[in-house]
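Understanding the architecture of this molecule
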Amino acid sequence: MPFKPSHGLRQGDPLSPYLFILCMEKLSAAINSEVIQGRWEPIQITPTRPHLSHLLFADDVLLFAKANSSQFHVIHDLFDRFSRASGLKINISKSRAYYSSGTPHGKITTLTAISGIQSTTSLGKYLGFPMLHGRPKKSEFNFIIEKMQTRLASWKNRLLNKTGRLTLATSVLSSIPTYYM
């Protein structure tokens, strides 16, 4: 039964995660149905692992499918049906498509034209942490050191004695790498 929301929630509202779960449960069931019916072709990372069609986390949706125009049409049709039923719309300007390294550039250009979703070669950051592709290099963790140096520099101006600064540094700085690990 379709419904039309008339009011949104404020940013950070405690009801937001529950509303997301309610809406995305229906989307997840629709994706699973498309996979079972053979219209959606999920990816398989290795032959012994299960297929992967989508992941839902916080307020994000990650979709996994073969890079071909028929899959984009299946996804577009599914989201069109979901939008009509829920009143929710996909923000194409915030969406990105990440293609595996073996995808030809011509195919990426064609799929970008079909979907309207810009392609990207960088996964960017998620929850403040860079999404790494492949084996991480030491230099990719420099942002943690920079973040700690920025914190230390801001504390020099505070009116804390040496013991206070040491206590502050120990408690806060030890939590920064722990958060990212």
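Provided above is the structure to which this section pertains.
Residues numbered from 1 in each chain as written. Predicted model: local features only at pLDDT ≥ 70, side-chain atom pairs only at ≥ 80, totals over all residues. Heavy atoms only, no water.

Comments concerning the overall build of the chain
Scanning the chain from N- to C-terminus turns up five helices and six strands. In sequence order, the chain lays out its α and β elements as α-β-β-α-β-α-β-β-β-α-α. In the chain, which comprises 181 residues, the share counted as buried stands at 21%. In the chain, once contacts between residues fewer than 6 apart in sequence are set aside, the share between residues at least 24 apart is 48%. Put simply, the chain shows about 13,700 Å² of open surface, and 60% of that area lies on carbon and sulfur atoms. (Helix = DSSP H or I, 4+ residues; strand = E, 2+ residues; numbered from the N terminus. Buried < 20%, exposed > 50% of the residue type's maximum accessible area, 1.4 Å probe, protein only. Contact = heavy atoms within 4.5 Å. Areas by Shrake-Rupley, 256 points an atom, 1.4 Å probe, with all protein chains shown as cover.)

With respect to the packing of helix α2 (residues 69–86) against helix α3 (residues 105–115)
One can describe the packing of α2 onto α3 by two numbers: an axis separation of 10 Å at closest approach and a directional angle of 20 degrees. Relative to α3, the element α2 lies roughly parallel. As for the relative orientation of α2 and α3, their crossing is right-handed in sense. In this structure, α2 uses S69, F72 and H73 to contact α3, whose residues at the interface are L111, I114 and S115. (Axes fitted to C-alpha atoms, helices over the stretch in contact; angles between N-to-C directions. Parallel < 35°, antiparallel > 145°, perpendicular 65-115°, else oblique. Left-handed = near helix turned anticlockwise from the far one by under 90°.)

Looking at a nonpolar patch on the surface
Together, L9, L15, Y18, L19, I21 and L22 line one region of the surface with nonpolar side chains, adding up to about 650 Å² of accessible area. On the secondary structure map, Y18 appears in helix α1 (residues 16–36). Judged by its relative accessible area of 57%, Y18 falls in the exposed class. (Patch = residues over 30% accessible without salt bridge, like charges linked within 9 Å, V, L, I, M, F, W, Y side chains within 5 Å. Salt bridge = Lys/Arg side-chain N within 4 Å of Asp/Glu carboxyl O.)

Here we look at the environment of R151
Here R151 shows up in helix α4 (residues 142–155). With a relative accessible area of 34%, R151 lands in the partly exposed category. As for R151 and V172, which are separated by 21 residues in sequence, their C-alpha atoms are 8.9 Å apart. Those residues within four positions of R151 in sequence are excluded, and the remaining contacts are V172, L173 and I176.

A short note on α3
Here α3 has its buried residues at I108, L111 and T112. For α3, the arc enclosing every buried residue in end-on projection is 105 degrees, short of the 170-degree limit, so these residues lie on one face. Packing partners of the buried residues in α3 comprise α2 and β4 (118–120). G116 sits one or two residues past α3 and shows a positive phi near 80 degrees. (Arc of directions from axis to C-beta.)

What about the pattern of salt bridges?
Tallying each qualifying case throughout the model produces three salt bridges. Note that E34 and R39 form a salt bridge whose closest N and O atoms lie 2.8 Å from each other. A residue is classified by how much of its surface remains accessible, and R39, at 40% relative accessible area, is partly exposed. A salt bridge links E34 to R81; the shortest N-O distance between them is 2.8 Å. Pair noted here: E34 is in helix α1 and R81 is in helix α2, with a separation of 47 residues, a long-range link. A cluster of three or more residues bridged by salt bridges with shared partners is formed by E34, R39 and R81.

Some remarks on the side chain of S53
Along the chain, the position of S53 falls in the loop between α1 and β1 (54–57). We classify S53 as buried; its relative accessible area is 10%. One polar contact links S53 to H54, side chain to side chain, over a distance of 2.8 Å. Leaving out residues up to four positions away in the same chain, S53 has contacts with I31, N32, V35, W40, P42, L62, L63 and F64. (Polar contact = N/O pair within 3.5 Å; in protein donor to acceptor, adjacent residues only side chain to side chain.)

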